[in-house]
Amino acid sequence: VQLVESGGGLVQPGGSLRLSCAASGFTFSGYVMSWYRQAPGKEREWVARINSAGGSTAYADSMKGRFTISRDNAKNTVYLQMNSLKPEDTAVYYCNVWYGGRHYWGQGAQVTVSS
C-alpha cells in the first residue's frame, strides 16, 4: 500500500488549497479514505472521510462548510479541497486508509496558513 500526498504549500488566511492523495497497492474503489492532520505540538486529528463510492462524507466540526473531501476511483485519488483557510489550519495533512487490519499513512503534505 502506498499513499502519496501533494498540493500543500503556503497560503494566506482566507485562501484555498487542494490536496491530492494518489493511492496504490490495494483496490482503491473498495475502501473508505480519510484525511487527518497534525499541527506542531498537537496530536494527530481526524479531518474527513469518504466512503468507497464517494457518495457519503463526514467532517470534523471545525472543518464543516470549509473543507470538501472527494475521490476519483478511476484515478485512485482522493482530494481535500480547503477553503477559507485559517492560521489554525496550519498542519501536516495525511491521507489514510484502514486496510488489512491496520492504518496506512502517506508521508504528509505541509499546509501553512500565514500572512
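Please refer to the structure placed before this passage.
Residues numbered from 1 in each chain as written. Predicted model: local features only at pLDDT ≥ 70, side-chain atom pairs only at ≥ 80, totals over all residues. Heavy atoms only, no water.

Draft legend 1. Representation of the overall build of the chain within the structure. Helix and strand counts for the chain stand at zero helices and 11 strands. Helices and strands appear in the chain in the N-to-C order β-β-β-β-β-β-β-β-β-β-β. Over its C-alpha atoms the chain spans a radius of gyration of 13 Å, differing by no more than 12% from the 13 Å that the globule rule assigns to 115 residues. With the C-alpha coordinates of the chain rotated into their principal frame, the extents come out at 40 × 25 × 25 Å. Taking as baseline every contact in the chain between residues at least 6 positions apart, the subset at least 24 positions apart corresponds to 51%. Element-wise, carbon and sulfur atoms account for 46% of the exposed surface of the chain, whose accessible area totals about 5,900 Å². (Helix = DSSP H or I, 4+ residues; strand = E, 2+ residues; numbered from the N terminus. Rg over C-alpha atoms; globule rule 2.2 N^0.38 Å. Contact = heavy atoms within 4.5 Å. Areas by Shrake-Rupley, 256 points an atom, 1.4 Å probe, with all protein chains shown as cover.)

Draft legend 2. Layout of the nonpolar core. In terms of nonpolar packing, the biggest core is built from 30 residues, with Met 33, Trp 35, Phe 67, Val 78, Leu 80, Met 82 and Tyr 93 touching the most fellow members. When contributions to this core are tallied by element, the ones reaching two or more residues are strand S3 (17–24), strand S4 (33–38), strand S5 (45–50), strand S7 (67–72), strand S8 (77–82), strand S9 (91–99) and strand S11 (109–113). If we skip the residues at most four places from it in the chain, Val 78 touches Leu 19, Ser 20, Cys 21, Phe 28, Met 33, Trp 35, Ile 50, Ile 69, Ser 70, Arg 71 and Cys 95. (Core = buried A, V, L, I, M, F, W, Y, C linked by side-chain atoms within 4.5 Å. Buried < 20%, exposed > 50% of the residue type's maximum accessible area, 1.4 Å probe, protein only.)

Draft legend 3. Spatial organisation of the packing of aromatic side chains. For the structure on display, the rule yields seven aromatic pairs. Centroid distance Phe 26 to Phe 28: 6.3 Å. Interplanar angle 55°. Geometry classified as tilted. As far as the burial class goes, Phe 26 and Phe 28 line up, both buried. Ring geometry for Tyr 94 and Trp 105: centres 6.3 Å apart, planes at 85°, overall edge-to-face. Here Tyr 94 is found in strand S9, whereas its partner Trp 105 is found in strand S10 (residues 102–105), with 11 residues between them in sequence. On the accessibility criterion, Trp 105 (33% relative accessible area) is partly exposed. (Phe/Tyr/Trp six-rings, centres within 6.5 Å; stacked < 30°, edge-to-face > 60°.)

Draft legend 4. Expanded view of the pairing of S10. Pairing geometry for S9 and S10, over four bridges, is antiparallel. In the strand pairing of S10, Tyr 99 is matched with Arg 102. (Pairing = 2+ DSSP bridges.)

Draft legend 5. Inspection of the pattern of salt bridges at higher detail. Tallying each qualifying case throughout the model produces four salt bridges. Through salt bridges that share partners, Arg 37, Glu 45, Arg 66 and Asp 89 make up one connected network. (Salt bridge = Lys/Arg side-chain N within 4 Å of Asp/Glu carboxyl O.)

Fair warning: the whole summary comes from geometry, so function is off the table for now.
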